[in-house]
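# Commentary on secondary and tertiary structure
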Amino acid sequence: VPVGILMWRQPPKHKEWKGPGTTAHFYEILLGRCYTYTQVVRPELRHTDCQKIGKAFTSAFLSKDPCGSTEQDYRPLMELTTQIVPCDKTVFWSKSSELAHDYTRVQRDMYTLEDTLLGYMADGLKWCGDTSSSEMNYQSCPHWREDCSNNSVSVFWNTVSKRFAEDACGVVHVVLNGSISNTFDEKSTFGRVEVFNLHPEKVHTLKAWVMHNIESVPSDSCSSSSVNNLKQILKTRNIIFICQNNYRPVRLLQCVKNPEHSSCKYNL
Ligand code: NAD
């Protein structure tokens, strides 16, 4: 056999993208999280069919163009995973993932999207498929800014975030990051999807908790222009807006990690 043929490089099995590939052991993690959630975290959901949910999840993106993902792709998955969050218990967040989840981990009757089954299963994972193969692409996946915005991961989060907001009722909450300039970011999922999918017939009030990093200088973020923008949007949507800087129960959690800081010692 001529040497040249032996050295011929195999063409890549999948298209090459700019973002990291599917998380290793994606399917096992997904299924494991489904069982942990339904058997341990919320045992009232113990009759959930995790195998069926796992299959519906992967069917939404396998053998498909990872830049052509649609809400419809995820519809069968969404239909298998309806979950009721009680009124007044929804917590949104933007640029404050860790703090918001620290809070709901302690305040167990409050729910972020990641405290519901689908959010819990998918949080922190990456996934994509390919038209030319029925396998996941572990090499690379589309980067949402550099490749395409309608990629399988972004469309999933847009779809589940939309439903999470549509289902909310009563008073809803949002943890915002007051230590960055765009505390309310119109381009974020919260600003783009969640705010506009709240139903004013069901959601009468949105309470924003603007939290400052403990090390940063205190500033009055409820009156900042980006938060004022949120206030105006809610006004046109007939939803009452209430804003609190450094909401105390969340501040106390920040203080657990930084007990010696002056704002924890003296300002409580
Ligand atoms: P954020 O800006 O802090 O983003 C949250 C995460 O989503 C980050 O990892 C960010 O890199 C990623 N992200 C944001 N927009 C994206 C996009 N278009 N494509 C791919 N990744 C994107 O906060 P946010 O955007 O306001 O999203 C948080 C809110 O939306 C929460 O209320 C939550 O309900 C929901 N959400 C959760 C996740 C998650 O990873 N658990 C992702 C998106 C949205």
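Everything below is about the structure printed above this text.
Quick summary incoming for the structure in this document. (Residues numbered from 1 in each chain as written. Predicted model: local features only at pLDDT ≥ 70, side-chain atom pairs only at ≥ 80, totals over all residues. Heavy atoms only, no water.)

### Description of the pairing of strand 4 (residues 170-177)
Put simply, the test is: Burial classes: relative accessible area under 20% of the type maximum marks a residue as buried, over 50% as exposed, and values in between as partly exposed (1.4 Å probe, protein chains only). For the purposes of this entry, the term helix denotes a DSSP run of H or I that reaches at least four residues, the term strand denotes a run of E that reaches at least two, and both are numbered from the N terminus. When the strands point away from the viewer and the path from the first strand over the helix to the second turns clockwise, the crossover is right-handed.
Where burial is concerned, most of strand 4 is hidden: eight out of the eight residues are buried. On the question of chirality, the crossover connecting strand 4 to the parallel strand 5 (residues 203-211) by way of helix 8 (residues 189-194) is right-handed.

### Notes on the packing of aromatic side chains
Put simply, the rule reads: In summary, the pairing rule links any two rings of Phe, Tyr or Trp, Trp by its six-membered ring, whose centres are within 6.5 Å, and it sorts them by plane angle into stacked for under 30 degrees, edge-to-face for over 60 and tilted for everything else.
In the structure shown here, the tally under the stated rule is 17 aromatic pairs. Considering the side-chain rings of Phe57 and Phe61, the 6.5 Å spacing of their centres and the 90° angle between planes classify their relative orientation as edge-to-face. Residues Phe57 and Phe61 agree in their burial class; the two are buried. Each ring, one from Phe92 and one from Phe190, has its centre 5.9 Å from the other, and the planes form 40°; the classification is tilted. In this pair, Phe92 sits in strand 2 (residues 91-94) while Phe190 sits in helix 8, placing the two residues 98 residues apart along the sequence. Using a relative accessible area of 1% as the deciding quantity, one classes Phe92 as buried.

### A word on the layout of surface pockets
Rolled over the atoms, a probe with the dimensions of a water molecule shows which regions are left empty. Worth spelling out the cut-off: Using protein atoms alone on a 1 Å grid, points that fit a 1.4 Å probe yet trap it form a cavity, whereas open point sets bounded by protein on both sides within 12 Å along at least five of seven lines form a pocket; residues with an atom within 4 Å of a point count as lining. Grid points are joined across faces, edges and corners, and a volume is the space filled by probe spheres set on the points. Under this grouping Gly is polar, as are all residues other than the nonpolar Ala, Val, Leu, Ile, Met, Phe, Trp, Tyr, Cys and Pro and the charged Asp, Glu, Lys and Arg.
Taken as a whole, the largest pocket holds about 920 Å³ of empty space. In terms of lining residues, the largest pocket is bounded by 34 residues, among which Trp144, Val153, Ser154, Trp157 and Thr189 are the most central. Where the lining of the largest pocket is concerned, the elements lending two or more residues are strand 1 (19-20), strand 2, helix 7 (152-166) and helix 8. The dominant element in the lining of the largest pocket, judged by the number of residues it contributes, is helix 7, at six residues. There is about 330 Å³ of room inside the second largest pocket. Lining the second largest pocket are 13 residues, and of these His101, Arg105, Glu114, Asp115 and Tyr120 lie nearest its centre. If you list the elements that add at least two residues to the lining of the second largest pocket, you get helix 2 (26-41) and helix 5 (97-106). For the lining of the second largest pocket, the residue count by class is three nonpolar, three polar and seven charged.

Structural measurements only, silent on function.
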